[in-house]
Amino acid sequence: MAAKSDAKEIKEAVSDENEQEKKEPKLTDLPGVGPAVAAKLESAGIYDLMSIAVITPSDLAEVAGVSPAVARKVIQAARKMLDLGFVDGTEYAKKRESIHYITTGSKNFDALLGGRGVESRSITEAFGAYGSGKTQVGLTLAVNVQLPIEQGGANGKCVFIDTEGTFRPSRIKQIAEKLGASPEKVLKNIFVARAFNSDHQILLLDKISEMIKEGEPIKLMIIDSLTAHFRAEFTGRGQLADRQQKLNRYIHQLMKLAETYNLAVYVTNQVMANPAQMFGDPTTAIGGHIVGHASTYRLYLRRGKGGSRVAKLIDSPNLPDNETIFFVSEAGVVDGKEEE
């Protein structure tokens, strides 16, 4: 009897291991993908089946060095293994239970975003004039993501892509000290990269996938700002279509990263004054409809009275348009002056 029970336990353990392996298939499990092709894919920033499933056959053929026909078979196999079909609403609701939230530091601001802060598997865009608090919100989030879940954090690290030279370690230390955290430890958990042009900015997304694959618990990605390089490199109406096409592809890569790795993505955006606006606020975000449609939550930040800042939610899939007041203090984003 003991031998039978032991055999049963071993069989169950093996079946559990097999089930786990089935849940996490590797690139080499795909037909036509051997170690050499897998190495090429990984060097191009493709580490999982989801990345294969959403790539085009021509792009995969170019990266992997295989024929378009083989590329199509590989993509179809990846989609079949991931079961990328329809699911009912109940199943989708279960999937959304893994979403985490990162507090902004302000209860008013969190309430504007649904009550818990910036959401993972989403892109939260903040646009506004200089001095409106966009970067300060980002720096505060970079610290708060490291907090325990019960304190509004995600027990994770942050990636900060800096396109305008706005990242300041001294400011991170200041916010961390006010929270009672170790400034050096907080800084160590923020990975910063200065992007010098739009191509470099795009390339850095592949590096993030690689870092997550290597085990870094990255829970937040910040891009400050999203459109600076695209705006500088593509000037005039003649280059507008090229700029929008490149920007569109970049944003869809962001969306894929956010969904694949359950990341919260916070991006800042530049603005311009719309000369055709006769009345009201002429401030318009850069990037047009492409950025507007891609952002899950869209915020317009501006200066308010008495040193305050105003955050206005202008687009969301589940929240009403609303606005709130917050302040920027030594502790980062807070609710009132008394907290400075």
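Along each chain, residues carry numbers from 1 onward, in the same order as the chain's sequence is written. Per-residue local features of the predicted model are confined to residues with pLDDT of at least 70, and side-chain atom pairs are confined, for both listing and counting, to 80 or more; whole-chain, interface and lining totals are unaffected and use all residues. Side-chain numbers here rest on the full set of heavy atoms in the structure, without hydrogens or water.

### Description of the overall build of the chain
Thought 1: The helix count covers DSSP runs of H or I at least four residues long, the strand count covers runs of E at least two residues long, and both are numbered beginning at the N terminus. Helix and strand content of the chain: 14 helices and 13 strands.
Thought 2: Every radius of gyration here is taken over C-alpha atoms, with the globule rule written as 2.2 Å times N^0.38, N being the number of residues. Computed over its C-alpha atoms, the radius of gyration of the chain comes to 23 Å, within 12% of the 20 Å expected for a compact globule of 340 residues.
Thought 3: Principal axes of the C-alpha set define a box for the chain whose edges measure 75 × 60 × 40 Å.
Thought 4: Using a 1.4 Å probe on the protein chains alone, a residue whose accessible area is under 20% of its type maximum counts as buried, one over 50% counts as exposed, and one in between counts as partly exposed. A total of 340 residues make up the chain; the buried ones form 44% of that total.
Thought 5: For the chain, restricting intrachain contacts to residue pairs at least 6 apart in sequence, the fraction spanning at least 24 positions comes to 62%.
Thought 6: Each charge class in the chain was averaged separately, 42 positive and 43 negative side chains, and the resulting centres sit 3 Å apart. Here a residue-residue contact requires only that any non-hydrogen atoms of the pair lie within 4.5 Å. Lys and Arg are tallied as positive, Asp and Glu as negative. Neither His nor the chain termini are counted. By convention, the charge on Lys lies at NZ, on Arg at CZ, on Asp at CG and on Glu at CD.

### A word on empty space enclosed by the protein
Thought 1: Put simply, the grid is 1 Å and covers the protein atoms alone, a cavity is a trapped set of points that fit a 1.4 Å probe, a pocket is an open set with protein on both sides within 12 Å along at least five of seven lines, and lining residues have an atom within 4 Å of a point. Grid points are joined across faces, edges and corners, and a volume is the space filled by probe spheres set on the points. Under the criterion given, the structure shown has 1 cavity of 30 Å³ or more.
Thought 2: The calculated volume of the largest cavity comes to roughly 30 Å³.
Thought 3: Contributing to the lining of the largest cavity are Val33, Val37, Leu41, Leu60, Ala64, Val66 and Val74.
Thought 4: Counting only elements with at least two residues in the lining of the largest cavity, the list comes to helix H2 (35-43) and helix H4 (57-64).

### Observations regarding the pairing of strand S3 (residues 122-127)
Thought 1: Among the 6 residues that make up S3, 6 are buried, leaving the element largely enclosed by the rest of the structure.
Thought 2: Residues of S3 alternate between two faces, with Ser122, Thr124 and Ala126 on one and Ile123, Glu125 and Phe127 on the opposite face, all of them buried.
Thought 3: What makes two strands pair is DSSP finding at least two bridges between them. Pairing of S3 with strand S7 (residues 264-269), which is carried by 6 bridges, proceeds in the parallel orientation. Bridge assignment links serine 122 to a residue of S7, and that residue is alanine 264.
Thought 4: With 4 bridges connecting them, S3 and strand S10 (residues 297-303) associate as parallel partners. Across the sheet, the residue bridging to alanine 126 is leucine 299, located in S10.

Structural measurements only, silent on function.
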